[in-house]
Structures are given as structure tokens and as C-alpha cells.
Amino acid sequence: MKISVIGGGAWGTTLAQLLTDNGNEVLIYEINNNYLNEINNNHIHPIFKNVLDEKIKATNSLEEAIDYSDTYLLAVPTKAMRTVLGLMDKLINRPSIFINVSKGIEPETLKRVSEIVDEEINPKYNAGYVCLTGPSHAEEVIERKLTLLVSASLDNDLAVKVQNLFANDKYIRVYTSNDLIGSEVGGAAKNAIAVISGACTGLGLGENARAAVITRGILEIVRVVEFMGGRKETAFGLTGIGDLIVTASSENSRNFQGGKKIGQGMKLDEIYANATQTIEGFRTIYALHELSEKFDIELPMISTAYEILENKLTVEEGMKKLLKRDLKAEDFS
Ligand SMILES: NC(=O)C1=CN([C@@H]2O[C@H](COP(=O)(O)OP(=O)(O)OC[C@H]3O[C@@H](n4cnc5c(N)ncnc54)[C@H](OP(=O)(O)O)[C@@H]3O)[C@@H](O)[C@H]2O)C=CC1
Ligand SMILES: O=C(CO)COP(=O)(O)O
């Protein structure tokens, strides 16, 4: 099959290599000239510098990428998604499939990426949507280290098609799911909890705090998943707790690293100014805090994280605020 990869950063380029390993042809759309040069001329991954298959090509022409195939792998950050889809909509002239791998919720609208696709793409040309998600650090996948993913879609045939596109018997196993909302929300919300876990490490706390954040964090994720219409069991699977574990306990995670800097006292503006790669979790904290306020959903850690990002509390004050909450029985409702 031919696939157009929209966004040739850490994850998009890695998935381009995976698709090539599986016998497909890809063209990457990428705006960063250094990345284009690394892919087209040096045949190396623009970030991790692993050798890429020479068949993998990249272009800075969105038109060329759209013409190349009718299957679009969306791998730009969520904050760029609406703009990029708007540009794609002007160029798409046939029914097309959208496979999204970005993990976020739009803070201004509280929309998931599938909803943004529905709004931005002419329904005549929107032939289906899949969210491909799960615990998958790009730096491991590019080294062909064993990884399990989930192909989630409202269209089961399409979920199976994408499952077969990405699975192989060497390093990737893919499950399907019909819980699109639960899969999308879990993948986004875990980034917020990973930021909090990183902040604990930055503050000098240890493994006990991390285990506490992960365990109480999944409870906050479940509340959001259920409120948005997803299933609790999905949050307990690969797209929820699985992805939370890999992100909230790994120095490889950009969200964990971003949180660690907050824990060390750096301000959000400064982190953004120095970031060379996407950190989705900060925006997701804003989105989930908004959701919590608007619909009265109890998300104590996420709301405290929001106050820290907004400079209303220091990280120490945030931790004390959480410890001072009324004592109660451990519940999972
Ligand atoms: N990295 C990982 O391990 C994983 C990441 N993800 C998710 O994938 C998404 C992408 O992450 P990742 O690949 O790590 O991020 P990167 O920052 O490495 O790559 C994002 C790419 O998108 C490009 N981009 C940004 N804005 C635009 C725009 N307006 N138009 C066109 N291209 C644009 C960037 O270009 P430029 O460099 O010029 O900004 C960059 O090349 C995120 O949602 C992330 O959560 C999911 C699973 C694993
Ligand atoms: O989503 C990811 C792993 O599944 C990647 O997480 P980071 O963006 O925090 O590195």
C-alpha cells in the first residue's frame, strides 16, 4: 500500500520505517528543512539518527503528499492538527482514510482529533478514521523493539485493515478496539499524568510518589474517559494504563522530561522556548482542567498541576495542597 505520512518528526518518521519494513511505500510531508535533509539525503532518522530505508522519501509539498495516496497518517502535534487538516481539505479530491497517532485534546474546544477531522475534512472525502495508539516510545520502535499497539475505530473493518498494515511477526503486535473515545482520551490524558510524575522526580521525590501518581492518575483518566463517553475497561488496557506506565515512568518520555523541569523550578514559557520536540501534556492539563471546572469532574492532581503551570502555586505548595485533602477510604469510582 501507499501511505502519506503527515509530519516527519520522532513518531511519524519511525512509523514510516515500520510501514516500509512491512512492505509498504511511504511519502513523508515535513516542513522542517533539516529533517528533510536527514531523511532524503542522509537516510537517517532526523531525531534519533538511526539508519532509514533509502526508499523513504520526504517532501515539503503538502500537495505532493496528498496526491501520493489516499491514506493519511496524521503525526503532527495536536496543536497543529486543525490547521494542517484545513490545508489538507483544500487538496483532497477523493475518499481518503485518516489514521491519527497524535495524542491530545484541543484545550479551546475540548475536542478529540477524530472530532477535529470530522469538522475540517469534507465528509464526501472522509472515508474513515482510526486512532493508532498505545505504549510506544518512538526511540524503541525505530530499534525494532517489541511494541503492542491498538487500532481503534468505529468501523471494525477499517480497524482490522490498519491492524494488518502495522502488525508484523518481528516486533509489532496490534489489537483492535471499537472504543474510539476511550482510546483517544486515554492516550491524551496519560500525558498529563506523565507531566505530574516527572514533576515529582524533578522535586526529588522517589519511586513511592511515582507509584502513587500512576495509580491515582489512572483514576483521574477513568473519570475523564467515562465522562467523554468511553469505557472504563479501555482505560485499564494498553491505551490507558499501558501508555501511562511507559510515559510516566520513563526518562525517554518528553512529557516526563517536561514535568521534571517544572519540578526543578523551570517555568512553562521557558520550557516551551527551549523545546525542540512536542510535549503534549501541558496543553492537555489545560484541557482537562477546563473539563473539570466546566462539568464538575474531580481531577485533583490535574487541577493542581494546572495551578502550578499558571504560577498560582509552587510545586511544593501543590504537593502540600494534595496532601491536605480530606482523608478518606481508597475508592475507584
Ligand atoms: N515520540 C513518540 O514516541 C510518540 C509520539 N506520539 C505523538 O505523536 C505526535 C507527534 O509527536 P512527535 O513525532 O514525537 O513530535 P515531533 O516534535 O518530533 O514531530 C512533530 C513534527 O510535526 C511538525 N509540525 C509541527 N507543526 C506543523 C505544522 N503546522 N505543519 C506541518 N508540520 C508541523 C514538526 O515540525 P517542526 O520540527 O518544524 O516543528 C515536527 O517535524 C504527538 O501528538 C505525540 O504525542 C505518539 C506516540 C509516540
Ligand atoms: O506517547 C508516547 C509513548 O506511548 C510518547 O510519550 P512522550 O511524548 O511523553 O515521549
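This structure is a prediction, so every number in the text was calculated from the model and none was measured.

(A) Region of the structure containing the pairing of strand β7 (residues 147-152). Burial of β7 is extensive: five of the six residues sit out of reach of the surface. With three bridges connecting them, strand β6 (residues 126-133) and β7 associate as antiparallel partners. Its bridge partner lying in β7, T133 is registered against V150. Relative to strand β8 (residues 172-177), β7 is paired through six bridges, and the arrangement is parallel. Residue pairing for β8: A152 is matched across the bridge by S177. Crossover handedness for the path β7 to helix α7 (residues 156-166) to β8: right-handed.

(B) Focus on the pattern of salt bridges. All told, the structure shown has 22 salt bridges when counted by the stated rule. The salt bridge partner of R283 is E108, with a shortest N-O separation of 3.9 Å. One end of the pair, R283, is in helix α14 (residues 281-295); the other, E108, is in the loop between β5 (96-100) and α5 (113-120), and 175 residues separate them in sequence. With relative accessibility at 16%, the residue R283 sits in the buried group. For D331, the salt bridge identified is with R223, shortest N-O distance 4.0 Å. On the criterion of sequence distance, the pair formed by D331 in the segment after α16 (315-323) and R223 in helix α9 (residues 207-228) is long-range, its members being 108 residues apart. On the basis of relative accessibility, which here comes to 21%, the residue D331 falls in the partly exposed class. For R223, a relative accessible area of 16% gives the class buried. Salt bridges linked by common partners bring R82, E106, K111, E119 and E120 together as one network.

(C) Spatial organisation of the UniProt feature "binding site: sn-glycerol 3-phosphate" (unreviewed entry) in the protein. As recorded in UniProt, the feature "binding site: sn-glycerol 3-phosphate" (unreviewed entry) lies at K103, G134, S136, K190, D243, S253, R254 and N255. Of the annotated set, the members that line the largest cavity are K103. For K103, the location among the structural elements is in the loop between β5 and α5. K103 has contacts with T78, T133, G134, S136, G187, A188, K190, N191, D243 and E280, leaving out every residue within four places of it along the chain. In terms of polar contacts, K103 uses its side chain to reach the backbone carbonyl oxygen of G134, at 3.1 Å.

(D) View of the packing of helix α8 (residues 180-203) against helix α11 (residues 238-248). Their axes nearest at 8 Å, the elements α8 and α11 cross at an angle of 25°. The pairing of α8 with α11 is recorded here as roughly parallel in orientation. The chirality of how α8 crosses α11 is right-handed. On α11, the residues that touch G182, S183, G186, G187, K190, N191, I193, A194 and S197 of α8 are T239, G240, D243, L244, T247 and A248.

(E) Fine view of the pairing of strand β1 (residues 2-6). Of all five residues in β1, four are buried; the element is thus mostly enclosed. Examined bridge by bridge, β1 and strand β2 (residues 25-29) share five bridges and lie parallel to one another. Looking at β2, one finds that S4 is bridged to L27. Taken together, β1, helix α1 (residues 10-21) and β2 form a β-α-β motif whose crossover is right-handed. The sheet contact formed by β1 and strand β4 (residues 71-74) spans three bridges and is parallel. The residue bridging V5 from the neighbouring strand is L73, located in β4.

Conventions we followed
- In this convention, every chain numbers its residues from 1, walking through the sequence in written order.
- Chains and ligands are labelled by the order in which they are written, letters from A for the one and numbers from 1 for the other.
- Reporting in this predicted model follows two pLDDT cut-offs: at least 70 for local features of residues, and 80 or more for side-chain atom pairs to be given and counted; totals over whole chains, interfaces and linings ignore these cut-offs and use all residues.
- Side-chain metrics rest on all non-hydrogen atoms present in the structure, leaving aside hydrogens and water.
- Accessibility here uses a 1.4 Å probe with only protein chains present; expressed as a share of the type maximum, an area under 20% marks a residue as buried, one over 50% as exposed, and anything in between as partly exposed.
- Where helices and strands are cited, they refer to DSSP runs of H or I of at least four residues and of E of at least two residues respectively, numbered from the N terminus.
- DSSP-based pairing: two strands are paired if at least 2 bridges between them are found.
- When the strands point away from the viewer and the connection leading from the first strand across the helix to the second strand turns clockwise, the crossover is called right-handed.
- Salt bridge criterion: a side-chain nitrogen from Lys or Arg within 4 Å of a carboxyl oxygen from Asp or Glu.
- UniProt positions are given in the numbering used here, feature names are shortened, and annotations may be inferred rather than shown by experiment.
- Two kinds of site are reported from a 1 Å grid over the protein atoms alone, namely cavities, where a 1.4 Å probe fits but cannot get out, and pockets, open sets with protein on both sides within 12 Å along at least five of seven lines, and residues are called lining when an atom falls within 4 Å of a point.
- Residue contacts follow a heavy-atom distance rule, with two residues in contact if any of their heavy atoms lie within 4.5 Å.
- N or O atoms closer than or at 3.5 Å make up a polar contact, with two conditions inside protein: a donor-capable atom paired with an acceptor-capable one, and, for residues adjacent in sequence, both atoms drawn from side chains.
- Geometry is summarised by axes, namely lines fitted to C-alpha atoms with helices restricted to the contacting stretch, and by angles between N-to-C directions that run from 0 to 180 degrees.
- Each angle is binned into one of four classes, with values under 35 degrees roughly parallel, values over 145 roughly antiparallel, values of 65 to 115 roughly perpendicular, and all other values oblique.
- Handedness of a crossing follows from how the near helix is turned relative to the far one, being left-handed for an anticlockwise turn of less than a right angle and right-handed for a clockwise one.

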